[in-house]
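Okay, here's what each chain looks like letter by letter:
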Amino acid sequence: MELNIDTGVEEFSVNGRGVLRFNPADPNLYHRFFAAGKTLERYDAELTAALGQLGGDEQQRAAAGLALLQDYDGRIKRLLGEIFGAENDFDAILNGVNLAGVGTNGRRVVQNLLEALTPILREGAERRLHAAADAAEAAAQAARAARGAE
């Protein structure tokens, strides 16, 4: 036997390659996403500070800098997995692109990703609020109708 439940999960094609799956109206995901902002700011500050403190010759600095960027990428992808669920492999979804990398717009890839996701999550939250309001109105109408039938 199979039980199919509408969980509201939607699929989003990312750059025509990977697929991100989540429910944009899930209040738990919404809160995790926006709460992660402080963590991401901390990661970014730590990376910036660490990059500024690199010593050694040019080759040593380059190697250490690349290691820092790889660590940053892994930390953010793990955080995104915690937010969106482990079934969303951000390394696969983004085709291996490092989130510390810079897009053509001059911003880090992680910033571009978050900016692309924010309106989707806000729209999902609005849908959830409208659905809750509609359900409350329907319940109030049913209660009024029940009182009128008495």
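You'll find the structure just up there.
Let me begin by describing the structure that accompanies this report. (Residues numbered from 1 in each chain as written. Predicted model: local features only at pLDDT ≥ 70, side-chain atom pairs only at ≥ 80, totals over all residues. Heavy atoms only, no water.)

### Digging into the pattern of salt bridges
For step 1, the next point in the chain: Applying the stated rule across the entire model yields 10 salt bridges.
For step 2, the next point in the chain: Residues Glu46 and Arg42 are paired through a salt bridge, measuring 3.3 Å at the closest nitrogen-oxygen approach. Placement of the pair is Glu46 and Arg42 together in helix H1 (residues 27–52), with a separation of 4 residues, close to one helical turn.
For step 3, the next point in the chain: Given the relative accessible area of 34%, Glu46 is considered partly exposed.
For step 4, the next point in the chain: Judged by its relative accessible area of 43%, Arg42 falls in the partly exposed class.
For step 5, the next point in the chain: Between Asp44 and Arg108 there is a salt bridge whose closest N-O contact spans 2.3 Å. Note that Asp44 is positioned in helix H1 and Arg108 in the loop between helix H3 (90–93) and helix H4 (109–149), a separation of 64 residues in sequence.
For step 6, the next point in the chain: What makes Asp44 partly exposed here is its relative accessible area of 29%. (Salt bridge = Lys/Arg side-chain N within 4 Å of Asp/Glu carboxyl O. Helix = DSSP H or I, 4+ residues; strand = E, 2+ residues; numbered from the N terminus. Buried < 20%, exposed > 50% of the residue type's maximum accessible area, 1.4 Å probe, protein only.)

### Examining the environment of Phe84
For step 1, the next point in the chain: Mapping Phe84 onto the fold places it in helix H2 (residues 58–84).
For step 2, the next point in the chain: For the pair Phe84 and Gln141, spaced 57 residues apart in the sequence, the C-alpha separation amounts to 37 Å.
For step 3, the next point in the chain: In this structure Phe84 touches Leu20, Arg21, Phe22, Leu29, Phe33, Phe90, Leu117 and Leu121, once residues within four positions along its chain are discounted. (Contact = heavy atoms within 4.5 Å.)

### Description of the nonpolar core
For step 1, the next point in the chain: Core analysis: the biggest nonpolar cluster contains 29 residues, and Leu20, Phe22, Ile76, Leu80, Ile83, Phe84 and Leu99 have the highest contact counts within it.
For step 2, the next point in the chain: Among residues more than four places away in sequence, those in contact with Ile76 are Leu40, Tyr43, Leu99 and Val110. (Core = buried A, V, L, I, M, F, W, Y, C linked by side-chain atoms within 4.5 Å.)

### Topic: H2
For step 1, the next point in the chain: With 27 residues, H2 should cover 39 Å at 1.5 Å per step; its first-to-last C-alpha distance of 38 Å lies within 8% of that length.
For step 2, the next point in the chain: Those residues of H2 not exposed but buried are Gly65, Tyr72, Asp73, Gly74, Ile76, Lys77, Leu79, Leu80, Gly81, Ile83 and Phe84.
For step 3, the next point in the chain: The opening residue of H2, the one whose side-chain oxygen lies 3.1 Å from the backbone nitrogen of Gln59, is Asp57.
For step 4, the next point in the chain: Gly85 lies just past H2 and shows a positive phi near 105°. (Expected span 1.5 Å × (residues − 1). Polar contact = N/O pair within 3.5 Å; in protein donor to acceptor, adjacent residues only side chain to side chain.)

### Some points on H1
For step 1, the next point in the chain: With 26 residues, H1 should reach 38 Å at 1.5 Å per residue; the first-to-last C-alpha distance of 38 Å fits that figure.
For step 2, the next point in the chain: Maximal helix bending in H1 amounts to about 35°, located at Gly37.
For step 3, the next point in the chain: Restricting attention to buried positions, one finds in H1 the residues Leu29, Tyr30, Phe33, Ala36, Leu40, Tyr43 and Leu47.
For step 4, the next point in the chain: Where H1 begins, the capping side chain belongs to Asp26, and its oxygen is found 2.8 Å from the backbone nitrogen of Asn28. (Bend = angle between axes of the 7 residues up to and from the residue.)

### Re unusual backbone geometry
For step 1, the next point in the chain: Residues other than glycine seldom take positive phi values, yet Asn15 does so here, at roughly 55°.
For step 2, the next point in the chain: Tracing the sequence through the fold places Asn15 in the loop between strand S1 (10–14) and strand S2 (18–22).
For step 3, the next point in the chain: Relative accessible area serves as the criterion here: at 71%, Asn15 is assigned to the exposed category.
For step 4, the next point in the chain: Although it is not a glycine, Asn95 adopts a positive phi angle of roughly 55°.
For step 5, the next point in the chain: Locating Asn95 in the fold gives a position in the loop between H3 and H4.
For step 6, the next point in the chain: The exposure class assigned to Asn95 is partly exposed, which follows from its relative accessible area of 47%.

By themselves, these figures tell us nothing about what the structure is for.
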